[in-house]
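# Summary of structural features
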Amino acid sequence: PLLQDSTREKEFVDLHEQVETSVNLLDSLESFLSTFQKDLTAVSGQISELQDRSKDIDTRLKSRRKIEKPLSSLIADIIIPPSLATLILDSQVGEPWLSAIDEFERHLEVVKARLRVKAARDLGDVVEGLRIVAATKLRVFFLALFQPIRNSVTTNMQVIQTSVLIKYRPLFAFLQRQAAPVALELQRSYVGAARVYYETGFRRYARSLGYIKARTTEKFDSIVNELEKSDNMPLDLQRLSNAQFDGPSITLAYMADDKTYIEHPEALFRSLLLVFMDNATAEYTFVKIFFTKESTLPTLDSQRSLLSPTSLLSPMERQSNAGSDYGGRSRVESTSPTGGPDSAINAAREEKTNVDAIWKQVFDPVLDYVQAFVKTVIEPPPPILPLLTMIRLTEHVVTEIENRACPPGVNYMFGLRLQMWPVFQKLMNDNIEALKKLAEGTTGGYFSRATVITEATVRIICIRYIKFFVAFVILTEKEDETMIFSNLLRMRQEVEKIIQRYTGQTVDVVARATAQSAFYEMLLRGLNVEVQSVAHPKSQHELAYWAKLEEEARRKIVSVQQTRTRR
């Protein structure tokens, strides 16, 4: 039993030791778990902090990506490429500048618009320096282009304008937007050069035409003058053709050197007006294209259209045969400003006013020379048919200048037209008054005997009336032109009275009616021959009128003869 007790005691001791060891292990495990929990809590906090930092970095990355493209674009826009700066600083103005100056101006505009950005402010002085250099070189370049116009009237203005100045217009447009004082100086320089060019050329041309005009003396004679002379010369259709563009060749300046060369006044008038029309409209077109200010940079397409060789063709694609010192010229339409309706209209009006003013500054001396020549043509008054020919030509020139869109030229031509119509009306009144006095027998004056009308007198009056009527119809396209046909009606009435007065001297009724019928038949034959090629309603009306009178005269002859037979 003692042995058993000793064995159990030992077991209990071992068990106790094992329990203590377990307790110690549990205490150690508890301590380890407590430490591990603390470590997990710390790691969890670090992980949460890392997550927050990751989100912040991700947000900043997205923000950087959003500004990456604008920033890259800004840098590309404000930085002047070294090759561009070298071109502006070290090269002379030429074709490479056309694209370079456009690129430079875009950089310049960006720098101006981004002055709040420090990088743009830092580049501001550099860009401004390049702008000044470009403006200085362009000023010298354009002044050199204007010099041939100023130096010699033999310079081909059209070639310089269309092949050179229009080609480099984008460079001038740059000056208008970025160096306005320089552009204004160049505009004044061009106006001065062109004014001298046209003034010299037209002075010489008008003087040459004046020399030729002095070799012929034509003045107005009324329809009743020199009735004793026969008037069987046919109507000169060649002279009437001076009322049209497609008429005879114009007179050239050098022709005045030939002392034997003569020309009719209306032909000289036509030459001057065609030369004026072509040069005036071409110059207005150039001024409108070259000096119209563009508020924004032009697109590539618009630049190409300006450089196109066909951009100066008129709408009718017509070139006048106006030779001499000034050849055929042409025109183009310019685009209207963009923007709102009101601002666009106001801008267009301002530009038109500016273009008109520049054109007038250039052409003021020319207008004076043309006016002076026209004055020599209508004072003293020329014969009435040449005068009407010149009036019709003036009207055609007005229409053509309107088609070519040159408003100040239209206004000027209207002024010339208004000067000539009163002269025409006065001459018509003088003719009709002279016929009236002849019909009333008072041409000889108060203390003179009444004019004796002979058959030859009446025939000459009839022939001259036929020429007047046919010429007026040829020169008149409209059927209802009062100024022309009211005067012709008055003249016809007086011619009829003259026939009545002459035939009224015959007592015998049959002889009187026979004479009337003969005159009416002569008028019909003359009108039939002359108006065959003229398809005008008034021609038929005129023929019908005289045919009716001739038929009435024949009926009277037959009636009187039948009455006498019955007796």
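Cut-offs used in this document
- Residues numbered from 1 in each chain as written.
- Predicted model: local features only at pLDDT ≥ 70, side-chain atom pairs only at ≥ 80, totals over all residues.
- Heavy atoms only, no water.
- UniProt positions renumbered as here; feature names shortened; annotations may be inferred.
- Helix = DSSP H or I, 4+ residues; strand = E, 2+ residues; numbered from the N terminus.
- Buried < 20%, exposed > 50% of the residue type's maximum accessible area, 1.4 Å probe, protein only.
- Contact = heavy atoms within 4.5 Å.
- Areas by Shrake-Rupley, 256 points an atom, 1.4 Å probe, with all protein chains shown as cover.
- pLDDT = per-residue confidence, 0-100.
- Phe/Tyr/Trp six-rings, centres within 6.5 Å; stacked < 30°, edge-to-face > 60°.
- Patch = residues over 30% accessible without salt bridge, like charges linked within 9 Å, V, L, I, M, F, W, Y side chains within 5 Å.
- Salt bridge = Lys/Arg side-chain N within 4 Å of Asp/Glu carboxyl O.
- Axes fitted to C-alpha atoms, helices over the stretch in contact; angles between N-to-C directions.
- Parallel < 35°, antiparallel > 145°, perpendicular 65-115°, else oblique.
- Nonpolar A, V, L, I, M, F, W, Y, C, P; charged D, E, K, R; others polar.
- Arc of directions from axis to C-beta.
- Polar contact = N/O pair within 3.5 Å; in protein donor to acceptor, adjacent residues only side chain to side chain.
- Lys, Arg positive; Asp, Glu negative; His and termini not counted.
- Charge placed at Lys NZ, Arg CZ, Asp CG, Glu CD.
- Core = buried A, V, L, I, M, F, W, Y, C linked by side-chain atoms within 4.5 Å.
- Expected span 1.5 Å × (residues − 1).

The protein chain is annotated in an unreviewed UniProt entry as Vacuolar sorting protein from Lentinula aciculospora. The record held by UniProt for the protein chain lists under Subcellular location (unreviewed entry) the comment "Golgi apparatus, trans-Golgi network". Under the UniProt heading Sequence similarities (unreviewed entry), the entry covering the protein chain gives this text: "Belongs to the VPS52 family."

### A few points about the overall build of the protein chain
On a plain count of helices and strands, the protein chain comes out with 17 helices and zero strands. Here the protein chain, with 567 residues, has 43% of them falling under the buried criterion. When contacts within the protein chain are restricted to residue pairs at least 6 apart in sequence, long-range pairs at least 24 apart make up 82% of them. Put simply, the protein chain shows about 31200 Å² of open surface, and 55% of that area lies on carbon and sulfur atoms.

### Some thoughts on the confidence of the model for the protein chain
When pLDDT is averaged along the protein chain, the result is 83, and 85% of the positions lie at 70 or above. Within the model, the stretch residues 299-338 combines pLDDT values under 50 with 94 contacts to residues more than four positions away or in other chains. Contacts of residues 444-448 to residues separated by more than four positions or lying in other chains number two contacts, the stretch itself having pLDDT below 50.

### Observations regarding the packing of aromatic side chains
Within the structure shown, the criterion is met by 29 aromatic pairs. Where phenylalanine 286 meets phenylalanine 290, the ring centres are 5.2 Å apart and the plane angle is 15°; that geometry is what we call stacked. Here phenylalanine 286 pairs with phenylalanine 290, and both are found in helix α9 (residues 265-291), just four residues apart, close to one helical turn. Take phenylalanine 286: its relative accessible area is 2%, and that puts it in the buried class.

### Structural notes on a nonpolar patch on the surface
Together, Leu26, Leu29, Phe32, Leu33, Phe36 and Leu40 make up an exposed nonpolar region whose accessible area comes to about 600 Å². With respect to the helices and strands, leucine 26 occurs in helix α1 (residues 2-78).

### Re the packing of helix α6 (residues 169-178) against helix α7 (residues 180-213)
In the contact formed by α6 and α7, the axes pass within 5 Å of each other and the chain directions differ by 130°. One way to sum up the angle between α6 and α7 is to call them oblique. Residues Phe172, Leu175, Gln176 and Gln178 of α6 form the contact with α7, whose own contacting residues are Ala180, Val182, Ala183 and Leu186. Class assignment of the residues belonging to the contact of α6 with α7 gives a composition of six nonpolar, two polar and no charged.

### Describing helix α5 (residues 157-165)
Those residues of α5 that fall on the buried side of the exposure criterion are Met157, Ile160, Gln161 and Leu165. Looking straight down α5, one finds that the buried residues subtend no more than 95° of arc, so they occupy a single side. Sitting at the amino-terminal end of α5 is asparagine 156, which places a side-chain oxygen 3.2 Å from the backbone nitrogen of glutamine 158.

### With respect to a negative patch on the surface
Where like charges cluster on the molecular surface, the negative patch consists of Glu11, Asp14, Glu17 and Glu20. Summarising the element assignment, glutamate 20 is placed in helix α1. Here glutamate 20 falls in the partly exposed class, since its relative accessible area comes to 40%.

### A word on the side chain of arginine 177
Summarising the element assignment, arginine 177 is placed in helix α6. In terms of polar contacts, arginine 177 uses its side chain to reach the side chain of glutamate 105, at 2.7 Å.

### Examining the pattern of salt bridges
As enumerated under the stated definition, the model contains 24 salt bridges in all. The residue arginine 417 makes a salt bridge to glutamate 395 at a minimum N-O spacing of 3.1 Å. One end of the pair, arginine 417, is in helix α13 (residues 407-440); the other, glutamate 395, is in helix α12 (residues 384-403), and 22 residues separate them in sequence. Lysine 426 serves as the salt-bridge partner of aspartate 430, at 3.2 Å between the closest nitrogen and oxygen. With aspartate 430 and lysine 426 both in helix α13, this residue pair falls four residues apart, about one helical turn. Because the salt bridges share partners, they merge into one network encompassing Arg392, Glu395, Arg417 and Glu481.

### Thoughts on the nonpolar core
If you look at the biggest cluster of nonpolar residues, it comprises 139 residues, and the most contacted ones within it are Phe104, Phe142, Leu175, Phe276, Phe424, Phe472 and Trp546. Leucine 175 has contacts with Ala135, Leu138, Phe142, Ala180, Val182, Ala183 and Leu186, leaving out every residue within four places of it along the chain.

### A look at α13
The terminal C-alpha atoms of α13 lie 50 Å apart, and with 34 residues this matches the ideal 50 Å at 1.5 Å per residue to within 8%. Once α13 finishes, glycine 441 follows within two positions and takes phi at roughly 75°, a positive value.

### Observations concerning unusual backbone geometry
Cis geometry marks the peptide bond from glutamate 379 to proline 380; its omega dihedral reads -5°. Turning to its location among the elements, proline 380 is positioned in the loop between α11 (341-378) and α12. Backbone geometry at alanine 405 places phi at a positive 60°, although glycine is not the residue there. The topology assignment puts alanine 405 in the loop between α12 and α13.

### Considering the environment of alanine 280
Among the structural elements, alanine 280 can be located in helix α9. With 128 residues separating them along the chain, alanine 280 and proline 408 place their C-alpha atoms 9.3 Å apart. The contacts of alanine 280, once residues within four sequence positions are left out, are Trp359, Phe363 and Cys406.

### Section: the environment of leucine 438
In this fold, leucine 438 is placed in helix α13. With relative accessibility at 2%, the residue leucine 438 sits in the buried group. Considered as a pair, leucine 438 and valine 452 are 14 residues apart in the sequence and their alpha carbons are 8.8 Å apart.

### With respect to the environment of valine 153
Position of valine 153 among the secondary structure elements: in the loop between α4 (118-151) and α5. We classify valine 153 as partly exposed; its relative accessible area is 22%. A C-alpha to C-alpha distance of 5.5 Å links valine 153 and tyrosine 197, two positions 44 residues apart in sequence.

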